[in-house]
Amino acid sequence: MTGFIQAMQHRVRASIVQILGPILALGLSFSSVECWAVDAPGKVPGALQGVGIRERLGAKVDIESIHLRDESGKDVVLGDFFHSKRPVLLSVVYYECPGLCGFVLNGMIDGLKAFSWTPGKEFEVVTVSMDSREGPELAAKKKASVLGGLGRPDAAAGWHFLTGSEEQVRRLTNQVGFDFKWDAGSKQFAHQAGIFVLTPSGMISRVLFGIEYPPRDLRLSLIEAGEGKTGSLVDQVVLFCFRYDPSQRGYSLYVLRLVQLVSAFMTLAVGAYLAVFWKRQRRSEPVRGSAV
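Residues numbered from 1 in each chain as written. Predicted model: local features only at pLDDT ≥ 70, side-chain atom pairs only at ≥ 80, totals over all residues. Heavy atoms only, no water.

Visitor: Would you mind going over the environment of Gly-111 in detail, with residue names and values included?
Guide: By the element assignment, Gly-111 lies in helix 2 (residues 100-113). Given the relative accessible area of 2%, Gly-111 is considered buried. Each C-alpha atom of the pair Gly-111 and Glu-212 lies 7.5 Å from the other, and the pair is 101 residues apart in sequence. (Helix = DSSP H or I, 4+ residues; strand = E, 2+ residues; numbered from the N terminus. Buried < 20%, exposed > 50% of the residue type's maximum accessible area, 1.4 Å probe, protein only.)

Printed below as a string of C-alpha cells:
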C-alpha cells in the first residue's frame with residue numbers, strides 16, 4: 001500500500017508540472033510563473049526567456065573560487081564539500097520558494113530514500129539558494145525540514161544548505177549552466193527543474209532533469225561520477241550494463257554490453273570447467289611404464 005501511495009504521489013507531481021507548462025505557454029496568468037515544465041510545448045513566454053538548464057557535461061566548476069555560507073553562518077568555499085573519493089549532488093533552489101523548488105527537493109528525498117547510500121558517506125549533497133537575500137537561518141530551517149523528510153539523521157553531516165551573495169551565486173550557476181531570473185510581476189524566481197551530478201574534482205558528469213529522480217538513475221549517476229572510486233565491484237558491473245539515454249534523460253539497459261558481459265562470463269565458466277575436467281583426466285590416466 002505504501003508503494004502504491006508513493007507511486008501516485010510521483011504521478012501527481014509530474015502531472016502538475018506538465019499541465020502548468022502549456023498554461024504558461026498560452027500566456028494565461030498563474031500565481032507562480034516559475035512552474036515551467038521541462039520541454040513544455042509551444043512558445044516560451046517572455047518571462048521565461050533566458051531561463052533553463054544548459055548541459056555543460058565535462059565542464060569544470062571552479063569550486064575553490066566560489067565563497068558561500070553554510071546553514072550555521074560559517075563562511076565556506078564550495079570546494080570544502082568536495083572530497084577525493086565522493087561525488088556531489090548539486091541542487092539550486094530558493095528556500096522560500098512556493099512551488100517548483102519543493103518538488104525538486106521532494107524528488108531528491110524520494111529518490112534517496114530508496115537506496116542505502118547516505119549523504120556524507122558515499123556521496124555529498126549541496127543545495128544552494130539562488131536568492132541572495134536568503135541567509136543561514138532560512139537554510140537551517142530548510143535543512144531540518146528536508147532531513148526530517150529523508151528520515152536519516154546521520155545525513156546531516158553530508159547534506160549542506162548554502163547561501164551567498166548574488167555575485168557568488170551567479171558565478172556558480174553560470175558555470176554549471178543553471179539560468180534563472182527574477183520575475184517582477186509574480187515576485188518570484190523563474191527557473192527550470194533539475195539537479196547536477198559532479199565528480200570529486202568538480203567536473204559536471206550528468207544533469208538529471210525534472211522533479212523525479214529514480215533511485216536507479218541517482219545511483220548510476222553517482223557511481224559514474226565517482227570515477228571508479230564510488231560503489232562496490234557489483235555497482236561497477238551494473239554501470240557497465242547501463243548507459244545514459246539522452247532522449248529518455250535516464251539510464252537504460254545497454255543490450256550489447258549485457259551480451260558482452262554474459263559472453264565473457266560464459267567463456268570463463270567454460271574455461272574453468274575444461275581446466276577441472278583435464279586435471280581430473282590426467283589424474284585418472286595410468287602412469288606410463290607401471291606394471292600391469
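Visitor: Quick one: what's the story with the nonpolar core, residue by residue and with numbers?
Guide: Counting residues in hydrophobic clusters, the biggest one holds 62 residues, and the most contacted among them are Val-61, Leu-78, Leu-89 and Trp-159. Of all the elements, helix 2 adds the most residues to this core, at 8 residues. Each residue touching Leu-78, except ones within four places of it in the same chain, is listed here: Val-61, Ile-63, Ile-66, Leu-68, Val-126, Leu-162 and Leu-172. (Core = buried A, V, L, I, M, F, W, Y, C linked by side-chain atoms within 4.5 Å. Contact = heavy atoms within 4.5 Å.)

Visitor: Could you give an account of the packing of aromatic side chains, with specific residues and numbers?
Guide: Per the counting criterion, the structure on display carries 8 aromatic pairs. Ring geometry for Tyr-95 and Phe-161: centres 6.0 Å apart, planes at 45°, overall tilted. Here Tyr-95, found in the loop between strand 4 (88-93) and helix 2, pairs with Phe-161, found in strand 6 (residues 159-162); they are 66 residues apart in sequence, far enough to count as distant. Take Tyr-95 and Phe-161: they sit in the same class, and that class is buried. Aromatic pair Phe-178 and Phe-180: ring centres 6.0 Å apart, planes at 40°, arrangement tilted. Members of the aromatic cluster, each reached through a chain of ring pairs, are Tyr-94, Phe-178, Phe-180, Trp-182, Phe-189 and Phe-196. Positioned above the aromatic ring of Trp-182, the side-chain terminus of Arg-133 is 4.7 Å from the ring centre. When the ring centre of Phe-180 is taken as reference, the NZ or CZ atom of Arg-170 above it lies at 3.9 Å. (Phe/Tyr/Trp six-rings, centres within 6.5 Å; stacked < 30°, edge-to-face > 60°. Lys NZ or Arg CZ within 6 Å of the ring centre and 35° of its normal.)

Visitor: Requested: an account of the environment of Arg-219, with residues and values cited.
Guide: Inspection of the secondary structure puts Arg-219 in helix 5 (residues 215-225). Separated by 108 residues in the primary sequence, Arg-219 and Gly-111 place their C-alpha atoms 9.2 Å from one another.

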